[in-house]
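A structural walkthrough
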Amino acid sequence: MPSQLTTLSQSSLQDYVDCARRFQLRYVERLSYPAIESEPTLENEKHQQEGEYFHRLVQQYLIGIPAEQISKLANSANLQRWWENFLADKDLRVLKELRGLLPESTLSAPLGKYRLLAKYDLIAIENGKATIYDWKTYRKRPRNEFLSARMQTRVYRALLAHAGAHLNNSTPFEPEQIEMVYWFSDFPNEPARFTYTSAQYKRDWDTLVKLADEINSASSYPLTDDRTKCSYCPYRSYCDRGVRAGDVDQAEAEMEAEELFDVNFEQIGEIAF
Ligand code: SF4
């Protein structure tokens, strides 16, 4: 078992699936970001910070702060546009009226020798149905096929089915009662929705258990064969795969937006030791 590692999350599992070496550097050796992820740096950092701030604005809104008050805090062009898009979405506006609204919720459950942990932007419960919302401030709208295969989509739905009974009068949610929605602040009319089935849940949970076992018994962490994953990876200087960060325009053409611009608080929390 990798020393000191006690929890797994969608981001650590995604790293493991993408590149075992990156998982090792980030979660076993606990190296924080040694290199910027991509250039131009300042612009990306600003975008990430705005993304983080946007999450806070939405959270404030969902806990009852009036929209007019929050609007004053949307003080950049991006934030203003994202916030206006959020308010203009009638499906999101009505969320506030639901009683079962759980913004910034955390669920966890044992997974092999570890604890699987997930932090949800929002779980909305209505009429026995649980909808997971995740706010994304990507510059590109990823394909549904890409999102569907992401560990986040699999972990979030599986963990809610597995460990969400306390949110449903002590009765576990049936997978068929669970849906996950990615809402894109720059593509408000194109949310990605993923329903769930018992068969998918079984497949996902079996995969998660298998991954946890594999991680627990790992004795080596090979570098990925897919070198496109290296061009934006913050650890490339440790792998002799280039010191200078990849150029965003070129990288964007090769990769999905999420890998470049995800704002991942869960991951930030995990590596901030
Ligand atoms: S640079 Fe490439 S091989 Fe090294 S950790 Fe990153 S993705 Fe893996």
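Some thoughts on the pairing of strand S4 (residues 129–136)
Along S4, seven of the eight residues are buried, which leaves the element largely enclosed by surrounding structure. Taking the residues that link successive antiparallel strands as the turn, the strand S3 (residues 114–126)-S4 hairpin has two residues, and the phi of Asn127 there is positive, at about 50°.

Here's the deal with the pairing of S3
As judged from the three bridges shared by strand S1 (residues 7–9) and S3, these two strands associate in the parallel manner. Its bridge partner being in S3, Leu8 is matched across the sheet by Leu116. From the end of strand S2 (residues 100–111) to the start of S3, which pair antiparallel, there are two residues, and Gly112 there has a positive phi angle of about 60°.

Some points on the packing of helix H8 (residues 151–163) against helix H9 (residues 198–217)
Look at H8 against H9: their axes get within 9 Å of each other, and the N-to-C directions meet at 105°. Comparing their axes, H9 and H8 come out roughly perpendicular. Residues Met151, Arg154, Val155, Arg157, Ala158, Leu159, Ala161 and His162 of H8 form the contact with H9, whose own contacting residues are Gln200, Tyr201, Arg203, Asp204, Trp205, Thr207, Leu208 and Leu211. Residue classes in the contact of H8 with H9 are distributed as nine nonpolar, three polar and four charged.

Notes on the confidence of the model for the chain
Taken residue by residue, the chain gives an average pLDDT of 86. The fraction at 70 or more is 84%. Long-range and interchain partners of residues 248–273, a stretch whose pLDDT sits below 50, account for 71 contacts in this model, where long-range means more than four residues apart.

Describing the packing of aromatic side chains
In total, this model carries 19 aromatic pairs according to the counting rule given. Centroid distance Tyr61 to Phe86: 5.6 Å. Interplanar angle 85°. Geometry classified as edge-to-face. Of this pair, Tyr61 sits in helix H3 (residues 41–62) while Phe86 sits in helix H5 (residues 77–88), placing them 25 residues apart in sequence. A residue is classified by how much of its surface remains accessible, and Tyr61, at 6% relative accessible area, is buried. With centroids separated by 4.6 Å and ring planes inclined at 50°, the aromatic side chains of Tyr120 and Tyr156 adopt a geometry described as tilted. In this pair, Tyr120 sits in strand S3 while Tyr156 sits in helix H8, placing the two residues 36 residues apart along the sequence. A network of ring pairs unites the aromatic residues Phe54, Tyr61, Trp82, Trp83, Phe86, Tyr133, Trp135 and Trp183 as a single cluster. Note that Lys96 overlies the ring of Tyr61, its terminal NZ or CZ placed 4.1 Å from the centroid.

Let's talk about the packing of helix H1 (residues 10–18) against H8
Taken N-terminus to C-terminus, the directions of H1 and H8 make an angle of 140°; their axes are 9 Å apart at the nearest point. By the angle between their directions, the pair H1 and H8 is classed as oblique. Considering how the two elements wind past one another, H1 and H8 form a crossing that is right-handed. Across from Gln10, Leu13, Gln14 and Val17 in H1, the residues of H8 making contact are Met151, Gln152, Val155 and Tyr156. Classifying every residue of the contact of H1 with H8 gives five nonpolar, three polar and no charged.

Examining the environment of Asn85
In this fold, Asn85 is placed in helix H5. The sequence separation of Asn85 and Pro188 amounts to 103 residues, and the corresponding C-alpha distance is 6.2 Å.

Considerations on H5
Spanning twelve residues, H5 covers 16 Å between terminal C-alpha atoms, matching the ideal 16 Å at 1.5 Å per step. Asn78, Leu79, Trp82, Trp83, Asn85 and Phe86 are the residues of H5 that are buried. The arc enclosing the buried residues of H5, seen along the axis, measures out at 160°, which places them on a common side. Exposed positions of H5 whose direction lies more than 90 degrees from the buried face are Ala77, Glu84 and Ala88.

Overview of the pattern of salt bridges
Under the defined criterion, the tally for this structure stands at 13 salt bridges. Salt-bridge contacts for Lys46 lead to Glu50; the nearest nitrogen and oxygen are separated by 3.5 Å. One end of the pair, Lys46, and the other, Glu50, are both in helix H3, four residues apart, so they sit about a helical turn from each other. In this structure Glu50 comes out as buried when scored by relative accessible area, which is 7%. Of the charged contacts, one joins Asp204 and Arg203 as a salt bridge, the two residues approaching to 2.9 Å between their closest N and O atoms. Note on Arg203: relative accessible area 41%, which makes it partly exposed. Salt bridges sharing common partners tie together Asp15, Arg22 and Arg26.

Thresholds, definitions, all that
The written sequence of each chain sets the order in which its residues are numbered from 1. For this predicted model, a pLDDT threshold of at least 70 governs which residues receive local features, and a threshold of 80 or more governs which side-chain atom pairs are given and counted, while totals over whole chains, interfaces and linings are taken from all residues. Note: side-chain values were computed over all heavy atoms of the structure, leaving out hydrogens and water. Throughout this description, buried means an accessible area under 20% of the type-specific maximum (1.4 Å probe, protein chains only), exposed means over 50%, and partly exposed covers the range between. Under the scheme used here, helices are H or I runs from DSSP no shorter than 4 residues and strands are E runs no shorter than 2 residues, and both carry numbers assigned from the N terminus. Should DSSP find at least two bridges between two strands, the strands are regarded as paired. All axes here are fitted lines through C-alpha atoms, helices being fitted over the stretch that makes contact, and every angle between N-to-C directions spans 0 to 180 degrees. Each angle receives one of four descriptions, namely roughly parallel if under 35 degrees, roughly antiparallel if over 145, roughly perpendicular if within 65 to 115, and oblique otherwise. Contacts are assigned to residue pairs with any non-hydrogen atoms lying within 4.5 Å of each other. For this classification, Asp, Glu, Lys and Arg are treated as charged, while Ala, Val, Leu, Ile, Met, Phe, Trp, Tyr, Cys and Pro are nonpolar and the rest, including Gly, are polar. As a per-residue measure, pLDDT reflects the predictor's confidence and takes values from 0 up to 100. When the centres of two rings from Phe, Tyr and Trp lie within 6.5 Å, Trp using its six-membered ring, the rings pair. Their planes under 30 degrees apart give stacked, over 60 give edge-to-face, and anything left gives tilted. A positively charged side chain is recorded as over a ring if its NZ (Lys) or CZ (Arg) lies within 6 Å of the ring centre. The angle to the ring normal must also be within 35 degrees. Crossing handedness follows the turn of the near helix against the far one: under a right angle anticlockwise gives a left-handed crossing, and clockwise gives a right-handed one. A helix is expected to reach a length of 1.5 Å times the quantity of its residues less one. The arc under discussion is defined with respect to the helix axis, by the directions toward the C-beta atoms. For this document, the term salt bridge refers to a Lys or Arg side-chain nitrogen within 4 Å of an Asp or Glu carboxyl oxygen.

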